[in-house]
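Structural features, examined
So you can see what is in the structure, the chains are spelled out below.
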Amino acid sequence: MAALLWIPLVFPPALGALAASRRRYRWARGLDLAAAVAILATGLTLVVTVSGRAPLTAAGGLLRADALTAYMLTTVGAVGVTALWAALSTPGRPDGWFTALVCLFLSAMSLAVLADNLGVLWVAVEATTITTAFLVGYRHGRPPLEAAWKYVVLGSVGVAVAFLGIVLMYAATRATGHPTLSWTELVSSARALDPAVTKLAVALTTLGFATKAGLAPMHSWLPDAHSQAPAPVSGLMSGVLLSVALYAILRVKTVSDVALGSGFMRVLLITLGLLSLAVAAGLMLTQRDYKRLLAYSSIEHMGLMTVGAAVGGPLATAAVLVHMLAHGLVKAGMFVQAGRILAAEGSTRIDDVHALMARRPDLAGPFLAGTAALLGFPPFVLFFTEVAIIIAGWRAGLGAVMGVVLVLLFLAFAGVGRHVLSMTLGPVVATASPADAPAPHRTRAAAQLPVALALSVTALAGLAAWPLAGVVTAAVAALVGPL
Amino acid sequence: MTNGSLFAQSVAATTGLLMLTAVLQVWRRSIGASTRLLAVQGGALAALVATIGLADGAPEVVVAAALVFALKAVALPWALTRTITRSGAVREDSATVNPVSGLLAAAALTTLAYVVSQPIVALDSGPAAHAVPAGMALVLIGFLVLMTRRQAISQLIGFLVIDNGIATVAFLTAGGVPFVVELGVSLDVVLVVLILRVLSSRIQLAHGHIDLQDLRELRD
């Protein structure tokens, strides 16, 4: 059973090596999808094996899979499958190196959620910066290079700050006589840690991982990286990378709440969350590029999830976890659609795209549905999670904060809604010479399937509790309940 | 048994050298000089690690010191120098703050580092802990270099100063984090530098030079 833990760490890099060495073969293109499927399968198996039972460990305790790990692995796998399956239908795909880098990225993300050791988690998160550095700058031209540069510098500096925090945390544990970097041991010995050093350590670690999660004020790499990267990469980054960074913050919060009381992280996370919501809402209203619009939407959702994490408690934490999965699936689908719209229209400017619903309903339909999901319309589960976070915040005495959150969400709603509606609705403007009008092109049904599946899961998850309830409850217990 | 006085003096000397090189990097604008200062900084860090290792009587830490020297004093400065000669970067980097303001800022940051590090110093008695503020100062000064320089290479140097500072704090507070983690961290730093080298070569090809003020096409 413990061998399961090794599959996401060994299988994808092997597939990546295969893809790099056999890049002339057509089947090499699908190897990253195979890696994502393997991770999803492992995640689902672990969900069944570990929920409600003792966690699995391997590698002498370095790797540990509790219910939260299983849930995160499933998220990584599901978002990966959505983004990469849809990418298969894109013509003219890049070569085997791209596939190999994606496989390594997926493996690094799996290592981050499987690690019981803070140091190994850090190494895995930094490894994702390295693998995505080339993925972001993949296309030719100056803007992708600029985006890749900003991403690597900001990401590495942020993660370096997180490492300083981890170093200080280790120093604090050393003073108690039991030096350790393991989550489980940290939580159990947290009461004995020196509060001042732990405060500094927790703050630095949170700020560092918040940089990778795209929270303001360290967010400036995100819109550039997401808008310049190829569509599946943007989907993976929004859905997987940001979620795993938030996962790291959640684990740190568990330790901090025991060592320092819940007040400290609450203030820190509310500040980061509200700032992110405000920045995102403000910049979405005046946005001109629809890929950047989606990137700012990611910042908005990450801000909301951070506020939810700040509230704490079972309801809000459960909502945050479900929101992570749902947002990942929808955002991956949206970036895939954005890539297809770009291929069809030739421009990423919102003003250059009109009447998509009338001309290309195969593109506009999923795009509108995804937008509805992101804006929090029922029956999509994002509606339920947003309501849950706000109710939990109210109950926890954070009514004023929740009021601000509602206002900012409304502003974001207005911004995104306005831009997407201007792109999709409206009559077709007659072209100057009918001979220029291109023949309508329809996306094949098979190519629509991944995005449709992702949206359906997000729609149904709110209504059918049984698939998620067990694992989310167990995962929340791992974070919030007594250990 | 440690010769307490010799140990304390070695720690003080090496951390003093670390701080001196950091402040000089704020002051000097020549990129070649900054790279050489980085090499000296790496050497000082390696000497610090070796001192602590010998004092603790742990010979494997001396191996770590040798690795730190090979990486931070030799390999990384060499890689930077090669990037500079290949890209033909301007020798003098124009900073957004003049040297005097830079020195004042460095002094202020050092004070801040001392204030912030008080709890860490209180955690452990002994000369090693008292040198922790120097490591924090290195981190803050590295941020200063990172944010006030125009050239991509200078940003890279700033990042490496931050990394040196963090490594200093790590070795002073904990005798180094577990070896496997330090190894992974060093590997990541090497890879990041390599990537930034490749990216700066590509930027060089696309733009003609690597002035970061020009990298402002992506904006809202």
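Above this text is the structure in question.
Computed from a predicted model, the values in this text were never measured in an experiment.

About the thresholds
Residues numbered from 1 in each chain as written. Chains lettered and ligands numbered in written order. Predicted model: local features only at pLDDT ≥ 70, side-chain atom pairs only at ≥ 80, totals over all residues. Heavy atoms only, no water. Helix = DSSP H or I, 4+ residues; strand = E, 2+ residues; numbered from the N terminus. Buried < 20%, exposed > 50% of the residue type's maximum accessible area, 1.4 Å probe, protein only. Contact = heavy atoms within 4.5 Å. Areas by Shrake-Rupley, 256 points an atom, 1.4 Å probe, with all protein chains shown as cover. Axes fitted to C-alpha atoms, helices over the stretch in contact; angles between N-to-C directions. Parallel < 35°, antiparallel > 145°, perpendicular 65-115°, else oblique. Left-handed = near helix turned anticlockwise from the far one by under 90°. Nonpolar A, V, L, I, M, F, W, Y, C, P; charged D, E, K, R; others polar. Phe/Tyr/Trp six-rings, centres within 6.5 Å; stacked < 30°, edge-to-face > 60°. Salt bridge = Lys/Arg side-chain N within 4 Å of Asp/Glu carboxyl O. Expected span 1.5 Å × (residues − 1). Core = buried A, V, L, I, M, F, W, Y, C linked by side-chain atoms within 4.5 Å. 1 Å grid on protein atoms, 1.4 Å probe; cavity = no way out; pocket = protein on both sides within 12 Å on 5 of 7 lines; lining within 4 Å. Points joined across faces, edges and corners; volume = space filled by probe spheres on them. Patch = residues over 30% accessible without salt bridge, like charges linked within 9 Å, V, L, I, M, F, W, Y side chains within 5 Å.

What follows deals with the overall build of chain B. Secondary structure summary: chain B contains nine helices and zero strands in total. When the elements of chain B are put in sequence order from the N terminus, they spell out α-α-α-α-α-α-α-α-α. Burial analysis of chain B (220 residues in total) assigns 55% to the buried set. Put simply, of all contacts in chain B between residues at least 6 apart along the chain, 76% involve residues at least 24 apart. Counting every atom, chain B has about 9200 Å² of accessible surface; 66% of that belongs to carbon and sulfur.

Residues and elements named next belong to chain A. The peptide bond linking Ala216 to Pro217 adopts the cis configuration, its omega dihedral lying at 0°. Geometrically, the link from Pro378 to Pro379 is a cis peptide bond, its omega value of 0° lying close to zero. Mapped onto the elements of the fold, Pro379 is located in the loop between α15 (361–374) and α16 (381–395). Despite not being glycine, Ala355 has its phi angle at roughly 50°, a positive value.

Turning next to the packing of helix α9 (residues 221–228) of chain A against helix α12 (residues 290–311) of chain A. Residue and element names in this part refer to chain A. At a closest axis distance of 8 Å, the pairing of α9 and α12 adopts a crossing angle of 135°. Of the possible angle classes, the one that applies to α9 and α12 is oblique. Judged by the sense of rotation from one axis to the other, the crossing of α9 with α12 is right-handed. Note on element contacts: α12 touches α9 through Lys291, Arg292, Ala295, Tyr296 and Ile299, opposite Leu222, Pro223, Asp224, His226 and Ser227. For the contact of α9 with α12, the per-class residue count stands at five nonpolar, two polar and three charged.

Turning our attention to the packing of aromatic side chains. Residues and elements named next belong to chain A. Summed over the entire model, instances satisfying the criterion amount to five aromatic pairs over all chains. Aromatic pair Phe377 and Phe413: ring centres 5.7 Å apart, planes at 45°, arrangement tilted. Pair noted here: Phe377 is in the loop between α15 and α16 and Phe413 is in helix α17 (residues 399–424), with a separation of 36 residues, a long-range link. When its relative accessible area of 38% is taken as the criterion, Phe377 is described as partly exposed.

All names here are of chain A. Counting across every chain of the model gives nine salt bridges over all chains. Where Arg64 meets Asp66, a salt bridge forms, and the shortest distance between an N and an O atom there is 3.4 Å. Residue classification places Asp66 among the buried residues on the basis of a relative accessible area of 6%. Across the pair Asp351 and Arg349 runs a salt bridge, and its minimum N-O distance is 3.6 Å. Here Asp351 falls in the partly exposed class, since its relative accessible area comes to 48%. The structure contains a network of salt bridges with shared partners spanning Arg64, Asp66 and Arg251.

With that settled, the discussion passes to helix α2 (residues 31–50) of chain A. Look at α2 of chain A: 28 Å from first C-alpha to last across 20 residues, which is about the 28 Å you get at 1.5 Å a residue. Backbone geometry just after α2 of chain A places Gly52 of chain A at a positive phi near 80°.

This part covers the nonpolar core. Core analysis: the largest hydrophobic core is formed by 246 residues, its most contacted members being Leu46 and Leu106 of chain A. In this structure Leu106 of chain A touches Asp32, Ala35, Ala36, Ile39, Val76, Leu84 and Leu236 of chain A, once residues within four positions along its chain are discounted.

Residues and elements named next belong to chain A. If you walk through the whole model with that rule in mind, you get seven cavities of 30 Å³ or more. Its boundaries defined by the atoms lining it, the largest cavity holds a volume of some 80 Å³. In terms of lining, the largest cavity is formed by Tyr290, Leu293, Leu294, Ser297, Met334, Phe367, Thr371, Leu374, Val416, Val420 and Met423. Of all the secondary structure elements, the ones that give two or more residues to the lining of the largest cavity are α12, α15 and α17. At four residues, α12 tops the list of elements feeding residues into the lining of the largest cavity. For the lining of the largest cavity, a count of residues per class yields nine nonpolar, two polar and no charged.

The next point concerns a nonpolar patch on the surface. All names here are of chain A. A cluster of nonpolar side chains, namely Leu18, Tyr25 and Trp27, defines an oily patch on the protein surface of about 320 Å² accessible area. Mapped onto the elements, Leu18 comes out in helix α1 (residues 7–21). The exposure class assigned to Leu18 is partly exposed, which follows from its relative accessible area of 32%.

Residues and elements named next belong to chain A. Running from amino to carboxyl end, α9 crosses helix α10 (residues 231–260) at an angle of 140°, the nearest separation of the two axes being 8 Å. As far as their axial angle goes, α10 and α9 are oblique. In contact with Trp221, Leu222, Ala225 and His226 of α9, α10 contributes Ser234, Met237, Ser238 and Leu242. In terms of residue class, the contact of α9 with α10 is made up of five nonpolar, three polar and no charged.

Before going further, it helps to spend a moment on helix α7 (residues 132–148) of chain B. Since there are 3.6 residues in each turn of an α-helix, residues three or four apart along the chain are aligned in direction. Along its 17 residues, α7 of chain B runs 25 Å from first to last C-alpha, staying within 8% of the 24 Å computed at 1.5 Å per residue. Burial analysis of α7 of chain B places 14 of its 17 residues in the buried class, which makes it a mostly covered element.

The next subject is the environment of Ile157 of chain B. All names here are of chain B. Relative to the assigned elements, Ile157 resides in helix α8 (residues 152–174). Residues Ile157 and Val193, spaced 36 residues apart in sequence, show a C-alpha to C-alpha distance of 9.7 Å. The contact partners of Ile157, leaving out residues within four places of it in the chain, are Gln25, Ile31, Ser34, Thr35, Leu38 and Leu80.

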